[in-house]
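Reading the structure
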Amino acid sequence: MKKLKRHTVEENLGYVLNENSHEAIRKQYRRTAKNLIKLMENRDKKSVVITSPNCGEGKSLSCVNIAKALADLGKSVLIIDANIRAPYIHCLFGLPNEEGLTSVLSQRNFPAATVSDKIYAISSGPKIEDIPSRLGGENMKKLLKSSETWYDYILIDTPDLSKEDALSMSGFTAGVLLVIRENYTKHSDLIKSVRKIKESGGTLIGFLKSGCISEHKPTTDNAEEIRGNTK
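Residues numbered from 1 in each chain as written. Predicted model: local features only at pLDDT ≥ 70, side-chain atom pairs only at ≥ 80, totals over all residues. Heavy atoms only, no water.

Where the residue is not glycine, phi is negative for most of them; where a peptide bond is considered, it is trans in most cases. If you check the backbone angles, asparagine 42 has positive phi at about 65° while not being a glycine. Inspection of the secondary structure assignment puts asparagine 42 in the loop between α2 (23–40) and β1 (47–51). Classification of asparagine 42 by relative accessible area gives exposed; the value is 82%. The backbone of asparagine 183 sits at a positive phi, close to 60°, despite the residue not being glycine. With respect to the helices and strands, the residue asparagine 183 is situated in the loop between β6 (175–181) and α8 (187–199). (Helix = DSSP H or I, 4+ residues; strand = E, 2+ residues; numbered from the N terminus. Buried < 20%, exposed > 50% of the residue type's maximum accessible area, 1.4 Å probe, protein only.)

Further remarks concern the packing of α2 against helix α3 (residues 59–72). Packing of α2 against α3 brings their axes to within 8 Å, and their N-to-C directions diverge by 80°. It follows that α2 is roughly perpendicular to α3 by the angle criterion. Residues Arg26, Tyr29, Arg30, Thr32, Ala33, Leu36 and Ile37 of α2 touch α3, and the partners they reach there are Ser62, Asn65, Ile66, Ala69, Leu70 and Asp72. A breakdown of the residues in the contact of α2 with α3 according to their chemical character gives seven nonpolar, three polar and three charged. (Axes fitted to C-alpha atoms, helices over the stretch in contact; angles between N-to-C directions. Parallel < 35°, antiparallel > 145°, perpendicular 65-115°, else oblique. Contact = heavy atoms within 4.5 Å. Nonpolar A, V, L, I, M, F, W, Y, C, P; charged D, E, K, R; others polar.)

Coordinates in, geometry out; function isn't part of it.
The structure is reproduced here in structure tokens:
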């Protein structure tokens, strides 16, 4: 497997979509968001698990940028950081992390933070025990069900699939979006990931390729469109 250069938080913030992002990149993420909307049609749930075969494949950054692209299309989006062992969403949004998802799972009220127009976020919160069972428990199910009455889409950033936490809640979400990284994710890891999702009872919505090189700006992390199942 090709060794990845690990970016600092400051470097990754440069890849978060904003009004100054290159138009080619903004256009690609808009296409990604439109594809996700299409893939979510006729599903009875609005929550999507976003994960990857391995650590470092860009799922958290992809999650944030998909949310921004959806918001640009007029959709309201809640991002939930369910990567409790190694949270990152609060870093990308500059949010505190003393309270968050684990507070909700412990039956303490914690409102989502308003990040920008149409985008809201719940950080991971403090560490807890029995993470897989808590993420797959009744309190998480209730949180998602109630959130789906308020938001158009709920994007759940989870650990990569080498951790058992990743698919804990797949049974009560619309499905799983698998982020794979160009020139990094091995075909064998992709096959194993698809098998894990199927064995967990989850639904694979589609794939998102990250780390693509834009011909307009060679140093920019870009995303290719989601390709997946429309059923």
